[in-house]
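Commentary on secondary and tertiary structure
Each chain, written out:
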Amino acid sequence: MNTVKRIDPRRPFVIAASGLRRITLGDERAAGLVDAAEFAALRGAHAAAPKPKRVYEAGLRTLLAVAHSDRGALDEHARQAVAAAAILADAKTEVVLLVFGELTDDAAALGADKVVQLPLLARPAFAPDQALAALRDCVQAFAPAHIFMPDNATGDGDLGRRYAAQTRASIATRVVEIDAGHVGCYVDAGRSFATRPLPEVILLAPDAVSAKLPFVGSGEPAALKSGRAAEPWHDAGRYGDHGTAQLDAAQVALEEADFIISAGNGVTDIAAFEALARTLGAAIGASRVAVDNGHFTRDKQVGATGKTVNASVYIAFGISGAVQHLQGIKDCRHVIAVNLDASAPIVKRANLTVIADAQSAMRALADAVGAAKQGGQGQAGPVAGTPVREGLAA
Ligand SMILES: Cc1cc2nc3c(=O)[nH]c(=O)nc-3n(C[C@H](O)[C@H](O)[C@H](O)COP(=O)(O)OP(=O)(O)OC[C@H]3O[C@@H](n4cnc5c(N)ncnc54)[C@H](O)[C@@H]3O)c2cc1C
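These numbers come from a predicted model, not from an experiment. (Residues numbered from 1 in each chain as written. Predicted model: local features only at pLDDT ≥ 70, side-chain atom pairs only at ≥ 80, totals over all residues.)

Bringing the sheet that holds strand β2 (residues 93–100) into the picture now. Spatially, β5-β9-β4-β1-β2-β3-β10 is the arrangement adopted by the seven strands of the open sheet, whose pairing is parallel. Two strands bound the open sheet, and with one partner strand each, they are β5 (171–175) and β10 (220–222). Between one strand axis and the next, the sheet turns through 20° on average, direction left out of account. Summarising the sheet, β5 and strand β9 (residues 201–204) pair through three bridges and their orientation is parallel. Bridge pairing in β9 links Val 175 to Leu 204. Across the face of the sheet, helix α2 (residues 76–88) comes into contact with β1 (61–68), β2, β4 (146–150) and β9 while running at roughly 155° to β4. Each of β1, β4, β5 and β9 touches helix α5 (residues 156–167); the most contacted strand, β9, lies at about 160° to it. (Pairing = 2+ DSSP bridges. Helix = DSSP H or I, 4+ residues; strand = E, 2+ residues; numbered from the N terminus. Axes fitted to C-alpha atoms, helices over the stretch in contact; angles between N-to-C directions. Contact = placed C-beta atoms within 7 Å.)

Given below as C-alpha cells:
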C-alpha cells in the first residue's frame, strides 16, 4: 500500500487582509480598527480615497518585520513580509519595520507603524556580524512576539537563520501558509506538508501573503537606542568584502535582469533597439509577435508562454500589452510604455506612457543617454511634441 500522504500541489492559500476575521476589506469600522469619523469620511469619498489608518494601542505587543531595501525600496517579497505582520497585528499590536538600508517608500502604506532605518548596513556592505547585532538590538528594544522576514537569497534569509541559531529562537523557513494560529511549509523534498504554531522567526516564501492592504500603518520613524548599527561596519578582518561587480546586462538571465527594454511589433529598427539596450546597459526582451517575426530568439520572449520578469524598470516599445504579455511583467516595478496608440492595453498597466513613434523615442533616448554619459547636459528632451501620460499601475 502506498503510505506516502499525497499533498495538494496547489499553494495552500494566500493570506490577504480580506481573509482575516478582524480586518475585512470594506468593513474597517465593524472591525473596530478605524475611527468612526474617518470611516464615515471615507465612505463618502471617491474609490481612490486614502486608505484608513489601522488603529492600535501602542506598547502592548509588537510584531517585527525585517528586510533589506534596494535603492530605497522594498521589493515585492519584502513587502509581503511587512504585510504579513500588518495583517496578523490586532488592535493591541504595533508593527515595527527594520530596514537594512534606506527606505524612501511610504512605510505607512506598507503597513508599518514604526520604521527603523539602518543606512550604513545597506545591501552592498557585507557586514554579517553587525547586521546580526543590529537585529538583536532591535529585538531587545521592541521585544517582538514574532519576526517576519522574506526568505530570500539576498541577505534576509541568511540573517534570519543566523539570528535563530545564535539566540536559539524557534524558526520556520520557506513558509508558504500562515495565519494567526499557524505556519505551514513543504518538507521531505516537497512530498509532505508540515504545520506548527507561529514560531519566533518566520521566513516567508514568495507569494505566501498578499501585500495589498486595505489600511495603512502609522509609518512613524524610530531609532535604535544602541549606537552599534549607526557606527561604520567593522566586520573586516573576519570576513573579506570583495565588493560587487557589474555584469553586462546581456549576460544576465532575463528573469534576473533589473532593467529590461522590450520590443514589440511596433519596433521596426531592430539594430537601433539593440544599440539602445547596449547604451542603457539593459537586458533585451520581446513580445511573442516580435519573436515570431524572427527579430529575436525565443528565450527573449516575455509573457505567459515566455519569461516572467521582475525588473525594476521595464520599457515596452511598440507592445500592445496583450494579457499574455502582461502576465510576464506583473512583478515589474516601473513599466514605461512607448506606443502610438493611447488606448493600447499596456497604457493601463504602465506607470508612465509616452505616446510616440518607437523609433523616434529610441533615437531621442539614445541621444539623451549619450549626452549624459559624455558629461554633457543631457539636453535632449522628450520626443518633439510627445505627450507623456502618467498612469497608475493596475
Ligand atoms: C496561448 C497564447 C500565448 C501567448 N503568449 C504570449 C507571450 O508569452 N508573450 C507575448 O508577448 N504574447 C503572447 N501571446 C500573443 C499575444 O496575444 C499578442 O498577440 C502579442 O503579445 C502581441 O504582440 P505585440 O504587442 O508586439 O504586437 P501587436 O499586437 O501587433 O501590437 C503592436 C503595438 O505596437 C504599437 N505600434 C505600432 N507601430 C508603432 C510605432 N511605430 N511606434 C510605437 N508603437 C507602435 C501598436 O499601437 C500596438 O499597440 C500569446 C497568445 C496566445 C494565444
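In this structure, Ala 65, Leu 97, Val 175 and Ile 202 are the most contacted members of the largest nonpolar core, which totals 60 residues. Residue contributions to this core peak at nine residues, all from α2. Excluding residues within four positions of it along the chain, Val 175 makes contact with Val 183, Gly 184, Cys 185, Ile 202, Leu 203, Leu 204, Ala 205 and Ala 208. Counting residues in hydrophobic clusters, the runner-up holds 39 residues, among them Val 267, Ala 286, Val 309 and Phe 317. (Core = buried A, V, L, I, M, F, W, Y, C linked by C-beta atoms within 7 Å. Buried ≥ 20, exposed ≤ 12 C-beta atoms within 10 Å, placed from the backbone.)

Now for the pairing of β9. Of the two faces of β9, the one lined by Val 201 and Leu 203 and the one lined by Ile 202 and Leu 204 are each fully buried. Pairing of β4 with β9, which is carried by four bridges, proceeds in the parallel orientation. Each residue of the ladder has a partner; that of Met 149, found in β9, is Leu 203.

So, about the environment of Phe 215. Inspection of the secondary structure assignment puts Phe 215 in the loop between β9 and β10. Among the residues examined, Phe 215 registers 21 C-beta atoms within 10 Å and is labelled buried.

With that out of the way, let us pick up the site of the ligand. Taken together, the neighbourhood of the ligand is formed by 27 residues, with Gly 264, Gly 266, Ser 287, Arg 288 and Gly 303 sitting nearest. In terms of residue class, the shell around the ligand is made up of 10 nonpolar, 14 polar and three charged. (Near = placed C-beta within 6 Å. Nonpolar A, V, L, I, M, F, W, Y, C, P; charged D, E, K, R; others polar.)

With that settled, the discussion passes to the environment of Leu 213. Mapped onto the fold, Leu 213 is located in the loop between β9 and β10. For the pair Leu 213 and Leu 110, spaced 103 residues apart in sequence, the C-alpha to C-alpha distance is 7.8 Å.

This part is about the pairing of strand β7 (residues 183–187). Where strand β6 (residues 177–178) lies against β7, two bridges are found, and the strand directions are antiparallel. Paired with Glu 177 across the two strands is Gly 184, which belongs to β7. In sequence, β6 turns back onto β7 through a hairpin of four residues. Where β7 meets strand β8 (residues 192–196), five bridges bridge the pair, whose relative direction is antiparallel. Within the sheet, the bridge partner assigned to Gly 184 lies in β8 and is Thr 195. Linking two consecutive strands that pair antiparallel, namely β7 and β8, is a turn of four residues; a positive phi of about 55° is found at Asp 188 within it.

Here we take up the packing of helix α4 (residues 128–142) against α5. Where α4 contacts α5, the axes come no closer than 10 Å and their chain directions differ by 65°. Viewed along their axes, α4 and α5 adopt a mutual orientation that is roughly perpendicular. Relative to α5, α4 is oriented so that their crossing is right-handed. Residues Pro 128, Ala 131, Leu 132 and Leu 135 of α4 form the contact with α5, whose participating residues are Leu 159, Arg 162, Tyr 163 and Gln 166. Taken together, the residues of the contact of α4 with α5 break down into six nonpolar, one polar and one charged. (Parallel < 35°, antiparallel > 145°, perpendicular 65-115°, else oblique. Left-handed = near helix turned anticlockwise from the far one by under 90°.)

Bringing the confidence of the model for the protein chain into the picture now. Interpreting fine coordinate detail is not advised for predicted regions of low pLDDT. Here the protein chain averages 84 in pLDDT, and 80% of its residues register 70 or above. Contacts from residues 20–47, a stretch scored under 50 in pLDDT, to residues over four places away or in other chains number 37 contacts. Here residues 378–382 scores under 50 on pLDDT; set against residues more than four positions off or in separate chains, the count is 10 contacts. (pLDDT = per-residue confidence, 0-100.)

With antiparallel pairing, three strands are arranged side by side in an open sheet as β6-β7-β8. Looking along the sheet, the strands with just one partner apiece sit at the ends: β6 and β8.

The subject of this paragraph is the environment of Pro 52. Here Pro 52 lies in the loop between α1 (36–44) and β1. Between the C-alpha atom of Pro 52 and that of Gly 217, which follows or precedes it by 165 residues, the distance is 8.7 Å.

Attention now goes to α4. If you check α4, its first and last C-alpha atoms are 21 Å apart, about what 15 residues at 1.5 Å a residue would give, namely 21 Å. Looking at α4, one finds that the buried residues are Gln 130, Ala 131, Ala 134, Leu 135, Cys 138 and Val 139. In this structure, the buried residues of α4 make contact with β1, β2, β3 (114–118) and α5. Immediately downstream of α4, the backbone of Ala 143 shows phi near 45°, a positive value. (Expected span 1.5 Å × (residues − 1).)

Helix α10 (residues 358–373) packs onto helix α6 (residues 270–280) with a crossing angle of 30° between their chain directions and a minimal axis gap of 10 Å. Judged by the angle between their axes, α6 and α10 are roughly parallel. As α6 packs across α10, the resulting crossing turns out to be left-handed. Residue-level contacts link Ala 272, Phe 273, Ala 275, Leu 276, Thr 279 and Leu 280 of α6 to Gln 359, Met 362, Arg 363, Leu 365, Ala 366, Val 369 and Gly 370 of α10. Residue composition of the contact of α6 with α10, grouped by class: nine nonpolar, three polar and one charged.

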